[in-house]
Amino acid sequence: MAEPFDVAVIGAGPGGYIAAIRAAQLGFKTACIDDWKTNDGKPAPGGTCTNVGCIPSKALLQSSENYEHAGHAFAEHGIEVNGLTVNIAQMLARKDKVVRQNNEGILYLFKKNKVTFFHGMGGFAGGGPEGWQVKVAGAKDETLTAKRVIIATGSKPRPLPGVEFDNQLILDNDGALAIPEVPKRLGVIGAGVIGLEMGSVWRRLGAEVTVLEVLPTFLGVVDEQLAKEAWKLFTKQGLAIQLGVSITKVAAKKEVIVDYTDANKKNQSATFDKLIVSIGRVPHTAGLNAESVGLKLDERGFVVVGDDCQTNLQNVWAIGDVVRGPMLAHKAEEEAVAVAERIAGQHGHVDFNTIPWVIYTSPEIAWVGKTEQQLKAEGAAYRAGSFPFMANGRARALGDTRGFVKFVADAKTDRILGMHAIGPLASELIAEGVVAMEFGAASEDIARICHAHPSLSEAVKEAALAVDKRTLNL
Ligand SMILES: Cc1cc2nc3c(=O)[nH]c(=O)nc-3n(C[C@H](O)[C@H](O)[C@H](O)COP(=O)(O)OP(=O)(O)OC[C@H]3O[C@@H](n4cnc5c(N)ncnc54)[C@H](O)[C@@H]3O)c2cc1C
């Protein structure tokens, strides 16, 4: 048995590997256990995010956007492209290379921070608050003990009831990132973040994409003004999105036939070459051996934790997708740091009100804080201001003037309650709203800060000015 550890982290996704690094930085003898492997059996730390989530999806979004630009946008710049073709095998190989660089980067960080990495499945094998035993089933089985355990085992895709993923015809996120050739007809069930991002990739590469969504509203969690703009832009791009559908049957043989009722309760049937099912994710606790130590899970399978991420077991914590809250990599990372610091007796803190959200479609959609419809429902007195990229010089020079930036601020105090952006690099611009909200800034603060010219961030400043109805460039 290996020497006892101060902290053992199960899972090396963005939650787990960051928790391990922070614990090691704080002076704890730390182990991190993860079972993900490459096709040739090598360790592939980074979890869903690195292997089949955030990173590969953004690699393919970039590649497919480059292709779309070369085909449609370059001509306006006077760049003529003849005989444009796409090599999917090369595109997928590049994506795999990006993933591998991230896997290697995490292994390097473990070494640098003296985190002991175990490759295999980690599960509780007994013990108690004085020292938990964790069995690692890997190339060689071993059992380690640790005073504290941090569970960061993440999530996995939710299948449609009775419809299994085969990753040939019916694809989860893993399959959606590895389609070997552009399908002629691609179906996507679920118009959430993953469905829209994956649908965008394959549409740009030439697929006819139909998105079927059970909810009657499009992007219901997004500020209504942005959701409306997104609907207009995405449908114009050729994404056929149907809302309020109810799937009745999915049959896959050589192709996939989806029977459903539409929003008018009419029976419909659609045939696809591939079907991506992106209807959400479920917590991943298989292999943890939770019941052997009495670790409490809720009825949906999430590890039950308090606000501070403590489970019902003393010295056992849980973070990331496997616990309540948004399934986002940066939320997992924030919880990771906070838990490691709490273990060290510090006051780690995660502010759920300032977690940014991003949808990496084109244009990107990003937001932080409250939407206008939330504020209305709360009966809050607020002022809103928005500014279109159409009136931003940098956006014009870029050739992408779609969308706008919007602020909502308290009517009395002017404190920023939310920032919303749809447009070029909204994922980067949103950081300004996050910082402002963390510092309790007023829209007036943003309006009075000097922003570089010409930059997209000037649209943020102008949106803040718009709250007080005094834009300078509109
Ligand atoms: C297609 C897609 C795109 C996404 N894009 C984004 C994005 O752009 N931005 C964003 O913020 N989020 C994105 N997400 C969500 C993001 O990937 C997750 O929120 C994030 O990975 C959660 O991190 P985690 O550490 O909790 O779990 P995970 O990343 O799921 O990692 C858990 C790890 O633990 C391992 N594990 C599980 N059980 C055991 C065990 N018993 N023993 C050992 N190892 C175990 C798993 O194999 C895995 O390696 C995306 C997700 C998908 C599917």
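Now for a description of the structure that goes with this document. (Residues numbered from 1 in each chain as written. Predicted model: local features only at pLDDT ≥ 70, side-chain atom pairs only at ≥ 80, totals over all residues. Heavy atoms only, no water.)

Around the ligand there are 38 residues in total, and D34, D35, T48, K58 and G122 lie nearest to it. Between the ligand and K58, the relevant distance is 2.6 Å, taken from an oxygen atom to a side-chain nitrogen or oxygen of the residue. Contact with the protein chains covers 96% of the free accessible surface of the ligand, which is 1,000 Å². Secondary-structure elements contributing two or more residues to the shell around the ligand are helix 1 (14–25), strand 2 (30–34), helix 2 (47–52), helix 3 (54–73), strand 3 (116–128) and helix 9 (329–343). Of the residues forming the shell around the ligand, the biggest block, four residues, is contributed by helix 2. (Near = heavy atom within 4 Å. Polar contact = N/O pair within 3.5 Å; in protein donor to acceptor, adjacent residues only side chain to side chain. Areas by Shrake-Rupley, 256 points an atom, 1.4 Å probe, with all protein chains shown as cover. Helix = DSSP H or I, 4+ residues; strand = E, 2+ residues; numbered from the N terminus.)

This part is about the pattern of salt bridges. Counted by the stated rule, this structure contains 22 salt bridges. Of the charged contacts, one joins K184 and E208 as a salt bridge, the two residues approaching to 3.2 Å between their closest N and O atoms. Taken together, the positions of K184 in the loop between helix 5 (173–176) and strand 8 (185–189) and E208 in strand 9 (residues 208–212) put the pair 24 residues apart, joining distant regions of the chain. Taking the shortest distance from any N to any O, the salt bridge between D273 and R185 comes out at 2.7 Å. Of this pair, D273 sits in the loop between strand 13 (267–272) and strand 14 (274–277) while R185 sits in strand 8, placing them 88 residues apart in sequence. D273 sits in the partly exposed class, given a relative accessible area of 22%. Salt bridges sharing common partners tie together R383, D414, E444, R448, D468 and R470. (Salt bridge = Lys/Arg side-chain N within 4 Å of Asp/Glu carboxyl O. Buried < 20%, exposed > 50% of the residue type's maximum accessible area, 1.4 Å probe, protein only.)

Attention now goes to the environment of G206. Along the polypeptide, G206 turns up in the loop between helix 6 (193–204) and strand 9. For G206, a relative accessible area of 54% corresponds to the exposed category. Measuring from C-alpha to C-alpha, the distance between G206 and A44 comes to 31 Å, with 162 residues separating the pair along the chain.

Relative to the helices and strands, K95 is located in helix 4 (residues 88–112). On the accessibility criterion, K95 (7% relative accessible area) is buried. Here the side chain of K95 touches L177 through a polar contact of 2.8 Å, landing on its backbone oxygen. Beyond its immediate sequence surroundings of up to four residues, K95 is in contact with P56, A59, L60, L177 and A178. (Contact = heavy atoms within 4.5 Å.)

Moving on: a nonpolar patch on the surface. A cluster of nonpolar side chains, I79, V81 and L84, forms an exposed patch at the surface whose accessible area comes to about 210 Å². Following the sequence through the fold, L84 ends up in the loop between helix 3 and helix 4. (Patch = residues over 30% accessible without salt bridge, like charges linked within 9 Å, V, L, I, M, F, W, Y side chains within 5 Å.)

Once that is clear, we can look at the pairing of strand 14. Here strand 14 shows a buried face lined by K274 and I276 and a second buried face lined by L275 and V277. By the bridge criterion, two bridges tie strand 7 (residues 170–171) to strand 14 in an arrangement that is parallel. Of the residues in strand 14, the one forming a bridge with I170 is L275. Examined bridge by bridge, strand 8 and strand 14 share four bridges and lie parallel to one another. In the strand pairing of strand 14, V188 is matched with I276. (Pairing = 2+ DSSP bridges.)

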